[in-house]
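# Coordinate inspection notes
Okay, here's what each chain looks like letter by letter:
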Amino acid sequence: MDIQKIARDISQLGVQIIEILSTHSWQHFKLYFFIKEKFLMGDFDDKFKRVFCSFYVMNGARGLKDLQKEKFFQLLTSRENSLENILRELYAIPGYGDRRKLFLSFGTKLLHTIRGALPIYDMNIACVLELPPQTQIGSLEEKITNRITIYKKLQEDSKNLLEDAKIKDCLKYIRKELSNKAERENFLWQDKLISEEKLLDSVLWALYTVKKSKNK
């Protein structure tokens, strides 16, 4: 991970990042705020589950089947805080194509919902931070160890980014600009629901999207 490069990219592409995060009538934050509010109230009704699955792209062939979703929300409502346990529990249930998978991304999204200071893993973030790849060879134990190692590296990188002065300035600027834009566009910006970790996650996710579109 090159912190200076990431800070430079965020600074130079800040306007585009803000546009991506506020597009489609603020859908990104609208759904995130909904999920956070419902979770804090302990309201895990069907609408919460539908929005959660939609926001975190848990539907479709790369996502979870019904029994896996049922187990996922059991783990979420019981506030399971062990990534290893989450990986094992979901792996035990066959999914699409009758295959068993280790869902690192969904596992970290579950953990982040419980504790907003924890980072989220997805392919955009993995590319920006140059995280180690998810190995598909070896025993189950070796693959679980690999996923836990990746998550620890993500936590370490996120911590280092949030402690960097230039990154702090970038996030402060983007938070303020998002709040101002939301006010102009009559969107209820709920600043207290956005941890610095979640803001960083959103910014890095959008940064990858901006850079990918520029490279086309």
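Residues numbered from 1 in each chain as written. Predicted model: local features only at pLDDT ≥ 70, side-chain atom pairs only at ≥ 80, totals over all residues. Heavy atoms only, no water.

### Things to note about the packing of aromatic side chains
Applying the stated rule across the entire model yields 18 aromatic pairs. Relative to phenylalanine 73, the ring of phenylalanine 48 lies with its centre 6.2 Å away and its plane at 70°, an arrangement referred to as edge-to-face. Here phenylalanine 48, found in helix H3 (residues 46–55), pairs with phenylalanine 73, found in helix H4 (residues 66–77); they are 25 residues apart in sequence, far enough to count as distant. Measuring from ring centre to ring centre gives 5.5 Å for phenylalanine 52 and phenylalanine 72, while their planes differ by 55°; the resulting arrangement is tilted. A residue pair is termed long-range when its members are at least 10 positions apart, and phenylalanine 52 in helix H3 and phenylalanine 72 in helix H4 qualify at 20 residues. The two residues phenylalanine 52 and phenylalanine 72 agree in class, both being buried. Members of the aromatic cluster, each reached through a chain of ring pairs, are Tyr32, Phe39, Phe44, Phe48, Phe52, Phe55, Tyr56, Phe72 and Phe73. Residue placement shows lysine 65 over the ring face of tyrosine 96; its charged tip is 5.6 Å from the ring centre. Over the aromatic face of tyrosine 32 sits the side chain of lysine 198, whose NZ or CZ is 4.8 Å from the ring centroid. (Phe/Tyr/Trp six-rings, centres within 6.5 Å; stacked < 30°, edge-to-face > 60°. Helix = DSSP H or I, 4+ residues; strand = E, 2+ residues; numbered from the N terminus. Buried < 20%, exposed > 50% of the residue type's maximum accessible area, 1.4 Å probe, protein only. Lys NZ or Arg CZ within 6 Å of the ring centre and 35° of its normal.)

Honestly, it's all geometry; don't read function into it.
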